[in-house]
Amino acid sequence: MKDAPYPEDQSVEMLERFGPHLAYMRGTRSATDLEPDRVVKTHCCFCGQQCGMKLKVKDEEIIGIEPWYEFPFNKGKMCPKGIKRYLQNRHPDRLLHAYKKDLSKPEGFSKMSYEEAIQKVASEIDRIQTSHGKDAFAVLTGASLTTEKAYLIGKFAHKTLQTSNIDYNGRLCMVSAGAGNNLAFGVDRAANPWSDIIGSEVVWISGANIGDCAPITTDYVWQAREHGAKIIVVDPRLTSIARTCDLFLPIKPGRDAALFNGILHLMIENDWIDHDFIASQTVGFEALAESVHPWTPRRTAEVTGIREKTIRQAAEWWGEAKTSFLMHARGIEHHSNGVQNVLGAINMVLASGRIGRKNCGYATITGQGNGQGGREHGQKCDQLPGGRSLGNPEHRAEVAKIWKMDPADLPKPGVDAYEIFREVERDKIKGLLCICFNPVVSLPDNNYIRKMLDKLEFFVSIEFFMSETARFADIVLPGSLHEEDEGTVTQCEGRVIKINKVVECPGDARQDWRIIQDICAALGREDGMTFESPAAIFEELRQASKGAVIDYSGISYEKIERQNGVFWPCRSEEDPGTPRLFEPGSWNPIADGEGPFYFPDGKARFNEATYRPPAEEIDADYPFMLTTGRVVSQFLSGTQTRRIGPLVDHYPEPRIEIHPQLAERLGIEDGQWTRAYSRRGDCTLRASVVRTIRPDTVFIPYHWAGKKSANQLTISAQDPISHIPEYKVCAVNLEPANGPPAYAAKLEPQQ
């Protein structure tokens, strides 16, 4: 615990100085006849679809956007966030200097020189590691960083600091999908390009509110429907995509593995399975078939809350289809049973034999901007570049050779992002560097996270805006916005694309990779950390991934630009890349010609998908299920989108969605202040009474901070394999509030 308490992180003085304030289209940006000095092709800074766009620049200010029609994924289409993303440039809240904690200031911070800040960070890292061991300093990073930054920060932790404790906010996003993919296919990537959706007979969407979270994917689904596809949607809420589907399955939160097992039961019972594919391309079907035998339609209906007739209809459409595409997202993955849910979905696909062919596909919808590339090259707690394992001696030797170090000096695998905070509580972790991660808003039971940040001996944050987490830091270093640097990201299809630099960093702000290298230099540990550009980092990444499952060695910036992206694996200069995985006759380094899947025998694995109820069941004290998620105009913890005026105007504040039956029972009216509370915390928000949610379930979007944060209520239970937290279901209660909460009189909607 520090000597003096921090100022309240949502204090009026803190908010007045650092925001979030709102930016609108004013001045130069509102002129309709202004000719830009240049137009730069790049991609959106938000979700994993990574839509192509052109940013217009006048006098070194981004003044607007233009569609990039030639980019094949979105072909000029954009969602509300993409259209307004340019308003973060030259934002009044932009951090232009380094800051140090200063409790004499009402806003809690005072400016300091960048050089002095770097020296302070280096001295504190050295002090903590010398006094308490290398693992006493941890690193938390993010999946919105470019792949070059992710690679460099992984190398910074594993080679420079030699700490086991690095993890990233993909732990909150894609890890259940990744674990399930690796267990079934031996590789973690969407199996198909999105173009395969169009032409499929059936499109199955589980736990994916794509209308709000992946809007351009909606267009692919609707095009498939125009070509005759039947659309099946599984969700506790009647989302926008569900309103236009052919069959809606309103599942209870946390029951997905039960549904998938029930569907497979019917597929087997009706012989809707591909015997030849199962026999020649898979392993483990007999044991799986035995495991799903008890999942009769009646039992499945009882557990999932879906009518038996609807389950039978979904199984028939899926079972009899000749082509199909199944996709899912966090709705089935954000669970303490998340990996089992994913395996259940994959079992349905493998039993149908519909994978590795045109219009026959499977994909998990990536959430963060580099949710795919950010989980590939070494910033996970157990990973090295190329998807190699930190616990594998052969993999350690391969990477150590590239990094010119003794494999024995590489640390052992560390703990996940949430466990890092539990290690703070146990006094094992004393210092933390955080970049591109806002755990005060995004982690479950976030009042606990505040206490642990307060307990650290030293905390440094690299940020472009003063996030709610950065407000706990001893030092804040001014990092770079998306448009102020270049590099690559890998979008939801597995397509590696290029982010182009549009403008320079303002003030004392630096590109993040320069900041990391400046810390290394100040530590006197700059060996292997003296890259001159992102391109130089990418060149080393190519070599470090060569021969691995996730092989980038044949990808270059030039090839990306020439082809509008390159799908990995790409193993040589002549290789154009691999848009569709698992095609007959395809080669990979694990199977070495034995088959298309990434196991020594080349065959995919069926895995029993064990159903377990949610970690916290409802009871008399907490009788309703809370599920959380996103709205179309906000993104993740809102660090950027809660600063963009038109997006906040679209959905100003979080509301509690309640079904009319539940609202009537509790005496709650639409718009009324309502208190939701769990065993961990409470929040008071206005009610939104809607018919688009189950009567036993309530929904709160999670983008807001402080007393408006949904994650005051959520539970930190984690999946035993992926360690993803259970955001999508916990037990809560509701009651009408006596009046507006105290924050309503002092905070603006976005704060």
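Before reading further, recall that the structure is shown in the block above.
Residues numbered from 1 in each chain as written. Predicted model: local features only at pLDDT ≥ 70, side-chain atom pairs only at ≥ 80, totals over all residues. Heavy atoms only, no water.

Things to note about the overall build of the protein
Right, so step 1: Across its full length, the protein holds 23 helices and 28 strands.
Right, so step 2: Relative to its length of 751 residues, the protein is compact, with a C-alpha radius of gyration of 25 Å against a globular reference of 27 Å.
Right, so step 3: Each principal axis of the C-alpha distribution contributes one length, and for the protein these read about 70 × 65 × 60 Å.
Right, so step 4: Long-range pairs, those at least 24 residues apart, make up 74% of the contacts in the protein between residues at least 6 apart in sequence.
Right, so step 5: Just so you have it, the protein exposes about 25,300 Å², and 48% of that area is on carbon and sulfur atoms. (Helix = DSSP H or I, 4+ residues; strand = E, 2+ residues; numbered from the N terminus. Rg over C-alpha atoms; globule rule 2.2 N^0.38 Å. Contact = heavy atoms within 4.5 Å. Areas by Shrake-Rupley, 256 points an atom, 1.4 Å probe, with all protein chains shown as cover.)

Things to note about the pairing of strand β16 (residues 431-435)
Right, so step 1: Burial analysis of β16 places five of its five residues in the buried class, which makes it a mostly covered element.
Right, so step 2: Residues of β16 alternate between two faces, with G431, L433 and I435 on one and L432 and C434 on the opposite face, all of them buried.
Right, so step 3: In this sheet, β16 lies alongside strand β6 (residues 137-141) in parallel orientation, the contact comprising four bridges. Its bridge partner lying in β16, F137 is registered against G431.
Right, so step 4: In this structure, β16 lies alongside strand β17 (residues 458-463), joined through five bridges in parallel fashion. Bridged to L432 within β17 is F459. (Buried < 20%, exposed > 50% of the residue type's maximum accessible area, 1.4 Å probe, protein only. Pairing = 2+ DSSP bridges.)

Describing unusual backbone geometry
Among all residues save glycine, negative phi is the norm, and among peptide bonds the norm is trans.
Right, so step 1: Look at the link from G19 to P20: it is a cis peptide, with omega at 15°.
Right, so step 2: Examined against the element boundaries, P20 turns out to sit in the loop between α1 (12-18) and β1 (38-43).
Right, so step 3: The step from W568 to P569 runs through a cis peptide bond, and the omega angle for that step is 0°.
Right, so step 4: Take P569: it is sitting in the loop between β21 (566-567) and β22 (604-605).
Right, so step 5: For D59, which is not a glycine, the phi torsion comes out positive at approximately 50°.
Right, so step 6: The phi torsion at H723 lies on the positive side, around 65°, for a residue other than glycine.
Right, so step 7: Structurally, H723 is set in the loop between β27 (697-701) and β28 (730-736).
Right, so step 8: Residue class for H723 comes out partly exposed when judged on its relative accessible area of 31%.

Quick look at the side chain of T300
Right, so step 1: Mapped onto the elements, T300 comes out in helix α11 (residues 297-304).
Right, so step 2: Ignoring anything within four residues of it in the chain, the contact list for T300 reads A258, L259, G262, W295, G305 and I311.

Points about the sheet that holds strand β19 (residues 487-490)
Right, so step 1: Strand order in the open sheet formed by three strands is β19-β20-β21, and the pairing between neighbours is antiparallel. Strand pairing shows two members of the sheet lacking a second neighbour, β19 and β21, which therefore form its edges.

Comments concerning the packing of helix α8 (residues 256-269) against α11
Right, so step 1: For the pair α8 and α11, interaxial distance at closest approach is 9 Å and the crossing angle is 165°. Comparing their axes, α11 and α8 come out roughly antiparallel. For α8 against α11, the interelement crossing comes out left-handed. Across the interface between the two elements, A258, L259, G262, H265 and L266 of α8 pack against P297, T300, V303 and T304 of α11.
Right, so step 2: Of the residues belonging to the contact of α8 with α11, the class tally is five nonpolar, four polar and no charged. (Axes fitted to C-alpha atoms, helices over the stretch in contact; angles between N-to-C directions. Parallel < 35°, antiparallel > 145°, perpendicular 65-115°, else oblique. Left-handed = near helix turned anticlockwise from the far one by under 90°. Nonpolar A, V, L, I, M, F, W, Y, C, P; charged D, E, K, R; others polar.)

Quick look at the sheet that holds strand β4 (residues 98-101)
Right, so step 1: Spatially, seven strands are ordered β5-β4-β18-β17-β16-β6-β7 in an open sheet, and the strand pairing comes out mixed. On the outer flanks of this sheet lie β5 (109-112) and β7 (166-168), each paired with one strand and no other. Neighbour to neighbour, the strand axes of the sheet diverge by 20° on average, direction disregarded.
Right, so step 2: As paired strands, β6 and β7 are joined by three bridges and run parallel to one another. Across the sheet, residue L140 finds its bridge partner in β7, namely D167.
Right, so step 3: Strand contacts of helix α16 (residues 417-425): β6, β7 and β16, with the helix running at about 150° to β6, the strand carrying the most contacts.

Observations concerning the packing of aromatic side chains
Right, so step 1: For the structure on display, the rule yields 23 aromatic pairs.
Right, so step 2: Ring geometry for F185 against Y362: centres 5.7 Å apart, planes inclined by 55°, an arrangement best described as tilted. Placement of the pair is F185 in helix α5 (residues 175-185) and Y362 in strand β13 (residues 360-364), with a sequence separation of 177 residues. An identical accessibility class is assigned to F185 and Y362; each is buried.
Right, so step 3: On the basis of an interplanar angle of 70° and a centroid distance of 6.3 Å, the ring pair of W194 and F325 is categorised as edge-to-face. (Phe/Tyr/Trp six-rings, centres within 6.5 Å; stacked < 30°, edge-to-face > 60°.)

Some remarks on the pattern of salt bridges
Right, so step 1: If you walk through the whole model with that rule in mind, you get 45 salt bridges.
Right, so step 2: Note that D219 is salt-bridged to K77, the shortest N-O span being 3.5 Å. On the criterion of sequence distance, the pair formed by D219 in helix α7 (residues 215-226) and K77 in the loop between β3 (61-67) and α2 (80-84) is long-range, its members being 142 residues apart.
Right, so step 3: With relative accessibility at 31%, the residue K77 sits in the partly exposed group.
Right, so step 4: In this structure, D619 engages R679 in a salt bridge whose closest nitrogen and oxygen atoms are separated by 2.4 Å. Of this pair, D619 sits in the loop between β22 and β23 (624-629) while R679 sits in the loop between β25 (673-677) and β26 (682-689); the two residues are 60 residues apart in sequence, bridging distant segments of the chain.
Right, so step 5: Given the relative accessible area of 30%, D619 is considered partly exposed.
Right, so step 6: The class for R679 is partly exposed, based on a relative accessible area of 42%.
Right, so step 7: The network of salt bridges with common partners includes K120, E124, R127 and E457. (Salt bridge = Lys/Arg side-chain N within 4 Å of Asp/Glu carboxyl O.)

Things to note about the environment of F597
Right, so step 1: Along the chain, F597 turns up in the loop between β21 and β22.
Right, so step 2: With 411 residues separating them along the chain, F597 and G186 place their C-alpha atoms 6.7 Å apart.
Right, so step 3: In this structure F597 touches F185, F277, Q281, I355, F582, N588, A591, G602, K603 and A604, once residues within four positions along its chain are discounted.

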